[in-house]
Amino acid sequence: MLQRIQTVWIFLAVLGSVFLNITAQDFDILGKYLTINASTVILILFGVLSIFSFKNRKRQILLNNISLIINALLVGLLIYWLLNLSGGIQFPEKGIEPIFPFISMICLLLANVYIRKDERLVKSVDRLR
């Protein structure tokens, strides 16, 4: 059932990772921090796998929790990068990169809330049988 609300939240989290990958390639983040590119690719793969494992809600929650941890580490790495970045006119978008993993984290948390809500609903229906 791809039309569930948690699928929309997971898709928005994947979009956040895609946008981070796009903005990270605009300037020289990838030269110093190759882990940003690798982790965004992993986040995209985990998100797509989580979307298509809608029948196994426990796997979805596990993949979303792993993605949450990776996003938290990315936020920390990007804030560290921003603090060490020299300002100036060469970086007009300074400060936008940590927003994308933060938005992804919020979307993944909301997806987990709705997945757990579905899990409780299925368990309550099984109890009635």
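Starting from 1, residues in each chain are numbered consecutively following that chain's sequence as written. Predicted model: local features are reported for residues with pLDDT of at least 70 only, side-chain atom pairs are reported and counted for 80 or more only, and whole-chain, interface and lining totals are derived from all residues. No hydrogens and no water enter the side-chain calculation; it runs on all heavy atoms of the structure.

**Q** Where do I start with the overall build of the protein chain in this structure?
**A** Scanning the protein chain from N- to C-terminus turns up 4 helices and 0 strands. Its helices and strands taken in sequence order, the protein chain reads α-α-α-α from the N to the C terminus. Relative accessibility decides the category of a residue: with a 1.4 Å probe and only protein chains considered, values under 20% of the type maximum give buried, values over 50% give exposed, and everything between is partly exposed. The burial tally for the protein chain puts 40% of its 129 residues in the buried class. The long-range fraction of contacts in the protein chain, counting pairs at least 24 apart against all pairs at least 6 apart in sequence, stands at 73%. In these tables, accessible area is a Shrake-Rupley quantity obtained with a 1.4 Å probe, and a residue counts as shielded only by the protein chains included in the view. Surface summary for the protein chain: the accessible area is close to 7800 Å², and the carbon and sulfur share equals 70%. Secondary structure follows DSSP: runs of H or I at least 4 residues long count as helices, runs of E at least 2 residues long count as strands, and numbering of each begins at the N terminus. Contact criterion: two residues are considered in contact whenever any of their non-hydrogen atoms come within 4.5 Å of each other.

**Q** Would you mind showing me how to read the confidence of the model for the protein chain here?
**A** Detailed conclusions should not be drawn from predicted coordinates in areas where pLDDT is low. For the protein chain, mean pLDDT is 83; residues scoring 70 or higher make up 81% of the total. Confidence per residue, as judged by the predictor, is encoded in pLDDT with a range of 0 to 100. Within the protein chain, the element-level pLDDT minimum falls on helix 3 (residues 57-84), averaging 88, and the maximum on helix 1 (residues 5-24), averaging 90.

**Q** It is not clear to me how the packing of aromatic side chains should be interpreted in this structure. Could you clarify?
**A** Given two aromatic rings, their pairing is described by the distance between the two centres and the angle made by the two planes. Ring pairs are drawn from Phe, Tyr and Trp, using the six-membered ring of Trp, whenever the two centres fall within 6.5 Å, and their geometry is named by plane angle: stacked under 30 degrees, edge-to-face over 60, tilted for the rest. For the structure on display, the rule yields 1 aromatic pair. Taken together, a centroid distance of 5.9 Å and an interplanar angle of 50° make the contact between Phe19 and Phe100 tilted. One end of the pair, Phe19, is in helix 1; the other, Phe100, is in helix 4 (residues 99-128), and 81 residues separate them in sequence. The class of Phe19 is partly exposed, set by a relative accessible area of 41%.

**Q** Even after reading the chapter, I still don't get the packing of helix 1 against helix 2 (residues 34-52), so can you show me in this structure?
**A** When two helices pack together, their arrangement is captured by the angle between the axes and the distance separating the axes. Helix axes are fitted only over the stretch in contact, all axes being lines through C-alpha atoms; the angle between N-to-C directions runs from 0 to 180 degrees. Helix 2 packs onto helix 1 with a crossing angle of 160° between their chain directions and a minimal axis gap of 9 Å. Judged on the interaxial angle alone, helix 2 and helix 1 are roughly antiparallel. You can see that helix 1 and helix 2 cross each other, and the crossing is left-handed. Here helix 1 contributes Thr7, Ile10, Phe11, Val14, Ser17, Val18, Leu20, Asn21 and Ala24 to the contact with helix 2, which in turn contributes Ile36, Asn37, Thr40, Val41, Leu43, Ile44, Gly47, Val48, Ser50 and Ile51. Amino acids are sorted into nonpolar (Ala, Val, Leu, Ile, Met, Phe, Trp, Tyr, Cys and Pro), charged (Asp, Glu, Lys and Arg) and polar (every other residue, Gly among them). Among the residues forming the contact of helix 1 with helix 2, the class breakdown is 12 nonpolar, 7 polar and no charged. If an angle is under 35 degrees, it is roughly parallel; if it is over 145, roughly antiparallel; if it lies from 65 to 115, roughly perpendicular; otherwise it is oblique. Each helix crossing is assigned a hand: it is left-handed if the near helix lies turned anticlockwise from the far helix by less than a right angle, otherwise right-handed if that turn is clockwise.

**Q** Looking at this model, I keep getting lost on helix 2. Mind explaining?
**A** Each α-helix turn comprises 3.6 residues. Residues three or four places apart therefore point the same way. Between the first and last C-alpha of helix 2 there are 28 Å, a value that for 19 residues agrees with the 27 Å anticipated at 1.5 Å per step. Within helix 2 the residues assigned to the buried category are Ile36, Ser39, Thr40, Leu43, Ile44, Gly47, Ser50 and Ile51. Down the axis of helix 2, the smallest arc covering the buried residues is 145°, so these residues share one side. Opposite the buried face of helix 2, by more than 90 degrees, sit the exposed residues Leu34, Leu45 and Phe52. Those residues of helix 2 that are buried lie in contact with helix 1 and helix 3. Helix span, as expected, comes to 1.5 Å for every residue beyond the first. Directions pointing from the helix axis toward each C-beta atom define the arc.

**Q** Explain the packing of helix 2 against helix 3 to me, please; I cannot follow it from the model alone.
**A** Viewed as axis vectors pointing N to C, helix 2 and helix 3 meet at an angle of 160°, and their least axial separation amounts to 10 Å. One way to sum up the angle between helix 2 and helix 3 is to call them roughly antiparallel. In the crossing of helix 2 with helix 3, the sense of the turn from one axis to the other is left-handed. Contact residues: helix 2 offers Thr35, Ile36, Ser39, Thr40, Ile42, Leu43, Phe46, Leu49, Ser50 and Ile51, while helix 3 offers Gln60, Leu63, Asn64, Ile66, Ser67, Ile70, Asn71, Leu74, Leu77 and Leu78. The residue makeup of the contact of helix 2 with helix 3, split by class, is 12 nonpolar, 8 polar and no charged.

**Q** Quick question: what am I supposed to make of the side chain of Asn21 here?
**A** Mapped onto the elements, Asn21 comes out in helix 1. For Asn21, a relative accessible area of 13% translates into the label buried. If sequence neighbours within four positions are ignored, Asn21 has contacts with Asn37, Thr40 and Val41.

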